Amino acid sequence: MALLEVSNLEIAVATGGQLLPVVRGVSFEVKANETFGIVGESGCGKSLTSLAIMGLLEGSQVRITGGSIHFDGRELTALSAEDRRAIMGAQMAMIFQEPMTSLNPVYRIGDQIVETLRQHRDMSRRQARDRAVELLDLVRIPEPGRRIDSFPHQMSGGQRQRVMIAMAMACDPKLLIADEPTTALDVTVQKEVLDLMADLQSRMGTAIVLISHDLGVIAETCDKVAVMYRGKIAESAATGELFSNMCHPYTRGLLNSIPVVDRDVEWLEAIPGRVPTIDEVLSGCAFHPRCAMAEARCESEDPDKRDVATGHTIRCHFAEVGSA
Amino acid sequence: MTFIASFLSMFRGRKLAIVGLIWLCIVAFAAIAAPLLAPFDPLEIDPVARLSEPGMPYLFGTDHFGRDSFSRAIYGARMAVIIGLGSVVVALITGGLIGMLSAYFTRLGHVLMRGVDVLMAFPALLLALVLMTLLERSVTNTIIVIGVVYATTTARILFGMTLKLKGEVFVDAAICSGAGHGSVLFRHILPNLISPLLVQASFIFAFAQLQAAALDFLGLGLPPEVASWGNMLSEERIYVTRAPWLLIFPGALIILSVFSMNLVGDAMRDSIDPRFKDDIAGV
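Rules used throughout
Residues numbered from 1 in each chain as written. Chains lettered and ligands numbered in written order. Predicted model: local features only at pLDDT ≥ 70, side-chain atom pairs only at ≥ 80, totals over all residues. Helix = DSSP H or I, 4+ residues; strand = E, 2+ residues; numbered from the N terminus. Rg over C-alpha atoms; globule rule 2.2 N^0.38 Å. Buried ≥ 20, exposed ≤ 12 C-beta atoms within 10 Å, placed from the backbone. Contact = placed C-beta atoms within 7 Å. Nonpolar A, V, L, I, M, F, W, Y, C, P; charged D, E, K, R; others polar. Domains from an automatic or database assignment. Pairing = 2+ DSSP bridges. Axes fitted to C-alpha atoms, helices over the stretch in contact; angles between N-to-C directions. pLDDT = per-residue confidence, 0-100. Arc of directions from axis to C-beta. Left-handed = near helix turned anticlockwise from the far one by under 90°. Expected span 1.5 Å × (residues − 1). Parallel < 35°, antiparallel > 145°, perpendicular 65-115°, else oblique.

Draft legend 1. Seen up close, the overall build of chain A. Across its full length, chain A holds eleven helices and twelve strands. Taken against the 2.2 N^0.38 rule, which gives 20 Å for 324 residues, the C-alpha radius of gyration of chain A at 21 Å falls within 12% of a compact globule. In chain A, which comprises 324 residues, the share counted as buried stands at 43%. Of the contacts made within chain A by residues no fewer than 6 positions apart, 63% connect residues no fewer than 24 positions apart.

As structure tokens, then:
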């Protein structure tokens, strides 16, 4: 039984009296101790999916219009606000993209960790503070006993992201959602943060949903990957399978547009065109206007999800043709 | 200590603001120590010495009842501070709550902020006059009315700032760690609003003085027996040719205090909001 089961998730934006679908029929499962990666260009719906899982869409113009999110035996979409608060932070936690703004500037970092701890655990101030120092040590903040009284602006981006991880891991959550956790960091710090997350995962058995637009990060850290395009999962497979046997022309396009260090490339192959805006109505496969393999059928018929190998699904009519 | 040090650092290089601050300290001292400083009871009547000129023993002269103007001015300072602080508290609490709740709960905001808009459509003094005519003249009512009038601008300002803070990632992060609405609003958003609230408080304090003086002058503010600068002006205005000092002293006190408070408020705002820096260098 998977820890997190998202099935047929539909999310729409309400604008000018109509609902524009932005996430359509996304399904995936994440088991304990597993890292699940979601890749895609900006606007493909990957962040919205993560926000929907965390229940952060409430009160905005974006809402879940269908499907279910099952977490640890409970249906999240039907949970009362109070029950959800009990889960948030304790059993599922999130790390955000912007380490510069994700900590409250007016509080010392220690107070923010202590608050999370005391919200969910029956702890005295003293105990919570000791635990916070431990956590800071765990995420390799030097001199945690002294740094616990620092304000966010006194720390570097990498350190703040580690503090965020410490906060997220404070109550040993079963699920950690990381929305582009390393995008705002430079490459060396990026590596440290990813290693740290992997290390914590192996110690605590946390399931991680890692959202990124960086295929390199995904390849290095994830067990399974889903590639999203325009609100749908275009291709999904175990990481090894996906990178050795890319089927969907979009996935291949993404990989081809990454410069390779050991090869001398004159010209990087970009995917032509741009991501369609959410109010553009497209018939057939959403990728067909940009796809080199597109044929008449792609314009009229939206491809269904199908298996190409065990655990490897795609949404494309012709995927195998070009995979050789 | 660090708070006082950082407060004083706001006034570095601003000579006029420092003068203003000193004047406000004098007013505050007079307000606290009024019974010790005032040579006479502010209500004590000396019928023989009606409308006497400034001198000894009546420093600011006496009014048409023979009450000592100097003592009344000192007790007036006490009233000014009470009205100022009271209005600030009422305005910040009601306006702050309306603004923050409106920004946080969008639907409630549609209703509340339209109400605020309606109130803001009236000039401040007119609104205060209308409300005062509905209420009995008393210190408490004056404070409430002035507080409500300035709650509207406070609500507007906090509405905008809360709206901005609500979108910050640390708010999402707080929700993700299981914080409820109350905790998000008052523990995560409110502490970020302290500096603008302080600045707003300084301006409300200044405007409350003017507003209270205007209400007193029009005979709708504090009860006539209360020693306030506005009442002193109002009661003695018919003696402006015979005993002009009866108007000059309280008038000067009002002007000095409001001007000082504005200078201090400007200095605070400039040091908090860098956009205003160097616009009026040296002031």
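Still more ground to cover, so stick around.
Draft legend 2. The arrangement of the environment of Val-30 of chain A in detail. All names here are of chain A. Note that Val-30 resides in strand S2 (residues 18-30). Here Val-30 falls in the buried class, since 22 other C-beta atoms lie within 10 Å of it. Through-space distance from the C-alpha of Val-30 to that of Leu-175 is 9.0 Å; in sequence the pair is 145 residues apart.

Draft legend 3. A look at the interface of chain A and chain B. Taken together, the contact between chain A and chain B spans 22 residues of the former and 15 residues of the latter. Elements that contribute at least two residues to the side of chain A that touches chain B include exactly helix H2 (81-87), strand S6 (92-95) and helix H3 (109-120) of chain A. The biggest single contributor to the side of chain A that touches chain B is H3 of chain A, with three residues. Of the residues belonging to the side of chain A that touches chain B, the class tally is twelve nonpolar, eight polar and two charged.

Draft legend 4. Layout of the domain arrangement of chain A. Residue and element names in this part refer to chain A. Assigned domains within chain A: domain 1 (4-91 + 173-271) and domain 2 (103-170). A C-alpha centroid distance of 26 Å is found between domain 1 and domain 2. At the junction of the two partners, domain 1 supplies 13 residues and domain 2 supplies twelve residues. Broken down by element, the residue count for the side of domain 1 that touches domain 2 peaks at six residues, all from helix H7 (residues 187-204). Across the side of domain 1 that touches domain 2, the residue classes tally to eleven nonpolar, one polar and one charged.

Draft legend 5. Structural view of the pairing of strand S10 (residues 232-238) of chain A. All names here are of chain A. Taken across its seven residues, S10 has six buried, putting it largely inside the fold. With six bridges connecting them, strand S9 (residues 224-229) and S10 associate as antiparallel partners. Note that in S10 the partner of Val-225 across the bridge is Ala-237. With antiparallel pairing between neighbouring strands as the criterion, S9 and S10 make up a hairpin whose turn holds two residues, including Arg-230 at a positive phi of roughly 45°. As paired strands, S10 and strand S12 (residues 312-314) are joined by two bridges and run antiparallel to one another. Bridge pairing in S12 links Ser-236 to Thr-313.

Draft legend 6. Looking closely at the sheet that holds strand S8 (residues 207-212) of chain A. Residue and element names in this part refer to chain A. Read from one edge of the open sheet, eight strands run S6-S7-S8-S3-S9-S10-S12-S11, paired in mixed fashion. Both outer strands of the open sheet, S6 and strand S11 (306-309), are each paired with one neighbouring strand and no more. Each neighbouring strand pair of the sheet contributes to a mean axis angle of 20°, computed without reference to strand direction. On the sheet, helix H6 (residues 157-169) packs against S6 and strand S7 (175-179) and is oriented at approximately 170° with respect to S6.

Draft legend 7. Examining the environment of Ala-132 of chain A more closely. All names here are of chain A. Here Ala-132 is to be found in helix H4 (residues 125-138). For the pair Ala-132 and Asp-111, spaced 21 residues apart in sequence, the C-alpha to C-alpha distance is 8.8 Å. Setting aside its immediate chain neighbours within four residues, Ala-132 contacts Gly-110, Ile-113, Val-114, Leu-117 and Ile-148.

Draft legend 8. Representation of the environment of Pro-47 of chain B within the structure. Position of Pro-47 of chain B relative to the elements: it lies in the loop between helix H3 (34-37) and helix H4 (69-104). Taking the C-alpha atoms as reference, Pro-47 of chain B lies 49 Å from Ala-155 of chain B; in sequence the two are 108 residues apart.

Draft legend 9. Layout of the sheet that holds strand S4 (residues 62-71) of chain A. Residue and element names in this part refer to chain A. Here we have four strands laid out as an open sheet, ordered S2-S1-S4-S5, and antiparallel in their pairing. Edge positions in the sheet fall to S2 and strand S5 (74-75), since each has one partner strand and no second. Where S4 meets S5, two bridges bridge the pair, whose relative direction is antiparallel. By the bridge assignment, His-70 is partnered in S5 with Glu-75.

Draft legend 10. Just the confidence of the model for chain A, in detail. Averaged over every residue, the pLDDT of chain A is 86; the share at 70 or more is 98%. Per-element confidence in chain A is highest for strand S3 (residues 35-39) of chain A, whose mean pLDDT is 94, and lowest for helix H11 (residues 296-300) of chain A, whose mean pLDDT is 84.

Draft legend 11. Spotlight on the pairing of S11 of chain A. In this sheet, S12 of chain A lies alongside S11 of chain A in antiparallel orientation, the contact comprising three bridges. Looking across to S12 of chain A, one finds that Ala-309 of chain A is bridged to His-312 of chain A.

Draft legend 12. Here's a closer look at helix H6 (residues 124-134) of chain B. Residue and element names in this part refer to chain B. By the burial criterion, the buried members of H6 are Ala-128, Leu-131 and Met-132. End-on, the buried residues of H6 take up no more than an arc of 100°, which puts them together on one face. Those residues of H6 that are exposed and angled more than 90 degrees off the buried face are Leu-126, Val-130, Thr-133 and Leu-134.

Draft legend 13. Fine view of the packing of H4 of chain B against helix H7 (residues 139-166) of chain B. Residues and elements named next belong to chain B. At a minimum axis distance of 5 Å, the contact between H4 and H7 shows a crossing angle of 35°. In the packing of H4 onto H7, the handedness of the crossing is right-handed. Its residues placed into classes, the contact of H4 with H7 shows 21 nonpolar, twelve polar and two charged.

Draft legend 14. Quick look at helix H10 (residues 194-217) of chain B. Its 24 residues place the ends of H10 of chain B 34 Å apart at the C-alpha level, agreeing with the 34 Å of an ideal helix rising 1.5 Å per residue. Immediately downstream of H10 of chain B, the backbone of Gly-219 of chain B shows phi near 75°, a positive value.

Draft legend 15. Here's a closer look at the packing of H6 of chain B against H7 of chain B. Residue and element names in this part refer to chain B. As a packed pair, H6 and H7 sit with axes 9 Å apart at the nearest point and diverge in direction by 140°. In terms of axis orientation, H6 runs oblique to H7. Seen along the crossing, H6 lies across H7 with a hand that is right-handed. Touching Ala-124, Leu-127, Ala-128, Leu-131 and Met-132 of H6 are Val-145, Ile-146, Val-148 and Val-149, all from H7. Taken together, the residues of the contact of H6 with H7 sort by class into nine nonpolar, no polar and no charged.

Draft legend 16. Quick peek at unusual backbone geometry. Residue and element names in this part refer to chain A. If you check the backbone angles, Glu-143 has positive phi at about 50° while not being a glycine. Summarising the element assignment, Glu-143 is placed in the loop between H4 and helix H5 (144-147). Judged by the 11 C-beta atoms lying within 10 Å of it, Glu-143 falls in the exposed class. Positive phi, normally seen in glycine, also occurs at Glu-180, with a value near 45°. Within the fold, Glu-180 resides in the loop between S7 and H7.

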